[in-house]
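Examining the three-dimensional arrangement
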Amino acid sequence: MKHRTLRDRARQRLPLPLAILVAGLLALWGGSTARLHAQGGGLIAFTSNRTGSNDIYLMPAGGGDAVNLTNSQANDGSPTWSPDGQRLAFTSDRDGDAGDIWLMNIDGSDPVNLTQNAAMDISPAWSPDGRWIAFVSDRDGNEEIYLKDATGQAPSTPINLTHYSGNDGDPAWSPDGGRMVFRSFRHGNWELYMMDLPDPLDAGPTPVTRLTDSDGSEGNPAWSPEGSRIAYNRMDDLNEDIYIIDVPEEAGTVVPVPRQLTDHPDSDYGPTWSPDGTQIVFFSYRDGDFDLYRLDVPASPDIPVGEPVALTVNDRTGDTSPAWQPDPATAPPLTALTAPAEPVPATALITFDGEAVDWDHTILCSWGTLDGGLTWAFSLCPGAAHPDGQPITPDEVMIAVWEALADDPALSAVLSVEGILPPEGNRLRFALDRADESFPLLLDGLTVSAGG
């Protein structure tokens, strides 16, 4: 009997449009991601109204066809990446609120409302360790910056980070997770400020450092990947351009001297950095509608800035809010997992048992935890292969485990997000809805059919 892969079996169970989408995304991301990152590329998420309502789209950083991830009648926008580049947070009014923060996988699946509040929750920003989502909310009467656990666990009430009587917005984490830059109306106009994050995070506000001092209005700050520069847009005489400042090494009152990157009579907004810090993508009205543009960032102020390259051409007014996917090479390593108190021997935690073919193979071996047991990670066993000798791939394991969990009430009750493929390429992660040290025992001996 002809051997069918687990991916084939999973596609048979998907509705046809979704199966086509998944197949297209696998083709787009699977073999080309490493090459794109090697070229300073990757993927760009952005907001567009090209179908009549605001949706989240995904496209290669070098330009090309875009995939609509949300495809809803609601307004979805402001996408931001998880640090491992496998999930997106975004703003949506799909539940009828003024705006909530939602999470989804990068194929648009499993959308989850994180904040669920009648107030306006906007501008999400994912912490470098993947634990927190910073966002802006007017739930207490004015716009302030709050933190919410990205797993949806404790604390259930978001943490107010700024505690200011005026309005704050546009949060952006430093790459090391220790500081945050944001915009605030503290001195009569919108300027950029920086604060050291308190430890613990709910300890109350810390002193802020003013980073800009102009007669204009600053916003949309974006921290460079190495952490030494911040790109942002500044409005002067009703026109916005992109600027860069160097980040002060220590908190103080010295305002950095900004460097102007764009100078165009039509406005430029919302810069996002490439993973290697050599380029930015922004959106601009310079061609009569909002489109995305890519610009090389000179390594020295002495080098002239070139002309940006258009990435999208949209006649329906709105491609905005770009976010460049993080480089998987810089994502938090799973090797940092905490060791379990009593190591489990590297034996089969999951086995594939083909009923129509005679094989039984060990799949997952070593394991560990993050977040105090809320996240479990497993490595594929060396040499795990199909009966025909073809290597078993992580995405096949994820699909197979998803299928098995859907049929097992005990397991599905434990998991909120079944699996995430991390950049290492040979590991799987499972997010639990509560800390559960017995999770590996629930998987131990799980049999997944590989044939039929």
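Being a predicted model, the structure only gives us computed values, none of them experimental.

**Comments concerning the overall build of the protein**
Along its length, the protein carries six helices and 31 strands. A buried classification covers 54% of the 452 residues belonging to the protein. Counting contacts in the protein only where the partners sit at least 6 residues apart, residues at least 24 apart contribute 45% of the total. On the protein, roughly 19,800 Å² of surface is accessible, and the fraction owed to carbon and sulfur atoms is 51%.

**Quick look at the pairing of strand β1 (residues 43-48)**
For β1, the buried fraction is high: six of the six residues fall into the buried class. Of the two faces of β1, the one lined by L43, A45 and T47 and the one lined by I44, F46 and S48 are each fully buried. Bridging between β1 and strand β2 (residues 55-60) involves six bridges; their strand directions are antiparallel. Pairing of A45 across the sheet is with L58, part of β2. The hairpin turn running from β1 into β2, its antiparallel successor, is six residues long, and G52 in that turn takes a positive phi close to 110 degrees. One ladder, built from four bridges, connects β1 with strand β24 (residues 319-324); its direction is antiparallel. Paired with A45 across the strands is A323, a residue of β24.

**Details of the nonpolar core**
Core analysis: the largest hydrophobic core is formed by 15 residues, its most contacted members being A134, I145, L147, L161, W173 and M180. Per-element accounting of this core gives the leading share, three residues, to strand β9 (residues 132-137). With near-sequence residues (within four places) excluded, A134 lies in contact with S123, P124, A125, I145, Y146, L147, P171, W173 and M180.

**Here's the deal with the environment of N314**
Along the chain, the position of N314 falls in the loop between β23 (309-310) and β24. Not counting residues up to four positions away in its chain, the partners in contact with N314 are S48, N49, R50, D289, D291 and D319.

**Considerations on the pairing of strand β5 (residues 87-92)**
Sheet faces and side chains relate simply in a regular strand, where the side chains alternate between the two faces. β5 sits mainly inside the fold: six of its six residues count as buried. Taking every second residue as pointing to the same face, both faces of β5 are buried, with R87, A89 and T91 on one and L88, F90 and S92 on the other. Here strand β4 (residues 76-81) folds back onto β5, and the loop between the two strands holds five residues, one of which, G85, carries a positive phi near 70 degrees. Of the strand pairs in this sheet, β5 and strand β6 (residues 100-105) are connected by six bridges, and their pairing is antiparallel. Directly across from R87, in β6, lies its bridge partner N105.

**Details of the pattern of salt bridges**
The final tally for this structure, using the stated rule, is 11 salt bridges. With its nearest N and O atoms 3.3 Å apart, the salt bridge here joins D168 to R186. With D168 in strand β12 (residues 168-173) and R186 in the loop between β13 (179-184) and β14 (191-196), the pair connects residues that are 18 residues apart, well separated along the chain. Its salt-bridge partner being R286, residue D268 comes within 2.7 Å of it at the nearest N-O pair. In this pair, D268 is assigned in strand β20 (residues 268-273) and R286 in the loop between β21 (279-284) and β22 (291-296), connecting sequence segments 18 residues apart. This pair shows no difference in class: D268 is buried, exactly as R286 is. Because the salt bridges share partners, they merge into one network encompassing E191, R210 and D213.

**Concerning the environment of G130**
Structurally, the position occupied by G130 is in the loop between β8 (121-126) and β9. With 47 residues separating them in the primary sequence, G130 and P83 have C-alpha atoms 5.9 Å apart. Not counting residues within four places of it along the chain, the set of residues in contact with G130 comprises P83 and A150.

**A look at the packing of aromatic side chains**
Aromatic ring pairs are reported here in terms of the distance separating the ring centres and the angle at which the planes meet. According to the stated counting rule, one finds 10 aromatic pairs in the structure shown. Between Y232 and Y243 the ring centres are 6.0 Å apart and the planes differ by 20 degrees, which places this aromatic pair in the stacked class. With Y232 in strand β17 (residues 229-236) and Y243 in strand β18 (residues 239-246), the pair connects residues that are 11 residues apart, well separated along the chain. Among the residues examined, Y243 registers a relative accessible area of 6% and is labelled buried. The ring of Y146 carries the charged tip of R139 above its face, separated from the ring centre by 5.6 Å.

**Concerning the sheet that holds β14**
Ordered in space as β12-β13-β14-β15, the four strands form an open sheet in which the pairing is antiparallel. Single-partner strands in this sheet number two, and they are β12 and β15 (208-210). Direction aside, neighbouring strands of the sheet carry axes that sit 30 degrees apart on average. Looking at chain direction, β12 and β13 are connected through four bridges and run antiparallel. Looking at β13, one finds that D168 is bridged to S184.

**Some remarks on the confidence of the model for the protein**
Per-residue confidence for the protein gives a mean pLDDT of 76, with 64% of residues at or over 70. Below a pLDDT of 50 lies the segment residues 331-347, which in the model reaches 29 contacts outside its immediate sequence neighbourhood of four places, other chains included. Low pLDDT (under 50) marks residues 416-425, which in the prediction has 36 contacts with non-local residues, meaning those over four places away or in another chain.

Calculation rules
Residues numbered from 1 in each chain as written. Predicted model: local features only at pLDDT ≥ 70, side-chain atom pairs only at ≥ 80, totals over all residues. Heavy atoms only, no water. Helix = DSSP H or I, 4+ residues; strand = E, 2+ residues; numbered from the N terminus. Buried < 20%, exposed > 50% of the residue type's maximum accessible area, 1.4 Å probe, protein only. Contact = heavy atoms within 4.5 Å. Areas by Shrake-Rupley, 256 points an atom, 1.4 Å probe, with all protein chains shown as cover. Pairing = 2+ DSSP bridges. Core = buried A, V, L, I, M, F, W, Y, C linked by side-chain atoms within 4.5 Å. Salt bridge = Lys/Arg side-chain N within 4 Å of Asp/Glu carboxyl O. Phe/Tyr/Trp six-rings, centres within 6.5 Å; stacked < 30°, edge-to-face > 60°. Lys NZ or Arg CZ within 6 Å of the ring centre and 35° of its normal. Axes fitted to C-alpha atoms, helices over the stretch in contact; angles between N-to-C directions. pLDDT = per-residue confidence, 0-100.

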